[in-house]
Amino acid sequence: GDFFPYRHIDMGDSDRIKLGDSDDLQIVHDSGINFIHSVTSNVDLRFRVNDGGSDKDAIIIDSSENAKVKLPNDLQYLTFGAGGDGVLYSYNDDFYVSNHTAGNDILFTCLNSDSSAHNTIMFVDGSAQRVGVNTTSPDAAFHVNASGANGMVLRASDNSSNSARLFFDGTSTS
């Protein structure tokens, strides 16, 4: 049926707006939480937009895949930060991690095993166009700071004994 509210709908906590023949979709506010609830099993929740006269699914929450959130189209950007400068997107089966602020960096970090601090595992220097592994100050196009007894290992693709190991023993060769 049709419903034409003049300005707004007043409803109390835990009241539900129910849609569908079997109340399949519900919108609920319960003092500390707001949610959209797809009540029927294995029915996806889709956010559809109109882009220049063409309907597109912008976001799909797939209930049959453990509520996996999908951005189903190429060139759909997931942006982060006040200026939207941190960007994740997919295009032609490639996946991109990007910083859209000129000259800024991308850091890949992990939390220490004792949860005391984050370590920068890989650093992409946007202004110098350099990559550092275990360093945030790469001084070459690709700089690996390998510490400890294992040094850095370069291994053949077949994992054979044709591996090369590079070690720095702490002495200067210049």
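Before going into details, it helps to say that this report is about the structure given with it. Here the structure is a predicted model, which is why all the values come from computation and not from measurement.

Turning next to the sheet that holds strand E3 (residues 34-38). With respect to topology, three strands assemble into an open sheet ordered E1-E2-E3, the strand pairing being antiparallel. At either end of the open sheet lies a strand with only one pairing partner, and these are strand E1 (16-19) and E3. With direction set aside, neighbouring strand axes in the sheet form an average angle of 15°. Inspection of the sheet shows E1 paired to strand E2 (residues 25-29) by four bridges, in the antiparallel sense. Each residue of the ladder has a partner; that of Ile 17, found in E2, is Ile 27.

In the case of a regular strand, side chains alternate between the two sheet surfaces. Summarising the sheet, strand E11 (residues 118-125) and strand E12 (residues 130-133) pair through four bridges and their orientation is antiparallel. Of the residues in E12, the one forming a bridge with Phe 123 is Gly 132. The hairpin turn running from E11 into E12, its antiparallel successor, is four residues long, and Gln 129 in that turn takes a positive phi close to 55°. Of the strand pairs in this sheet, E12 and strand E13 (residues 142-144) are connected by three bridges, and their pairing is parallel.

Our focus in this paragraph is the sheet that holds E12. Taking strand neighbours across the sheet as the criterion, the four strands line up as E10-E11-E12-E13 in an open arrangement whose pairing is mixed. Edge positions in the sheet fall to strand E10 (106-111) and E13, since each has one partner strand and no second. Averaged over all pairs of adjacent strands, the angle between strand axes in this sheet comes to 15°, irrespective of strand direction.

Applying the stated criterion across every chain, the model contains two aromatic pairs. Ring centres of Tyr 77 and Tyr 89 lie 4.6 Å apart, and the angle between their planes is 40°; on these two criteria the pair is classed as tilted. Of this pair, Tyr 77 sits in the loop between strand E6 (68-70) and strand E7 (78-80) while Tyr 89 sits in strand E8 (residues 86-91), placing them 12 residues apart in sequence. Using a relative accessible area of 15% as the deciding quantity, one classes Tyr 89 as buried. A ring pair is formed by Tyr 89 and Tyr 96, whose centres lie 4.6 Å apart and whose planes are at 5°; its orientation type is stacked. Classification of Tyr 96 as partly exposed rests on a relative accessible area of 32%. In textbook terms, an aromatic cluster arises when at least three aromatic residues are bridged by ring pairs, as seen for Tyr 77, Tyr 89 and Tyr 96.

Criteria and thresholds
Residues numbered from 1 in each chain as written. Predicted model: local features only at pLDDT ≥ 70, side-chain atom pairs only at ≥ 80, totals over all residues. Heavy atoms only, no water. Pairing = 2+ DSSP bridges. Helix = DSSP H or I, 4+ residues; strand = E, 2+ residues; numbered from the N terminus. Axes fitted to C-alpha atoms, helices over the stretch in contact; angles between N-to-C directions. Phe/Tyr/Trp six-rings, centres within 6.5 Å; stacked < 30°, edge-to-face > 60°. Buried < 20%, exposed > 50% of the residue type's maximum accessible area, 1.4 Å probe, protein only.

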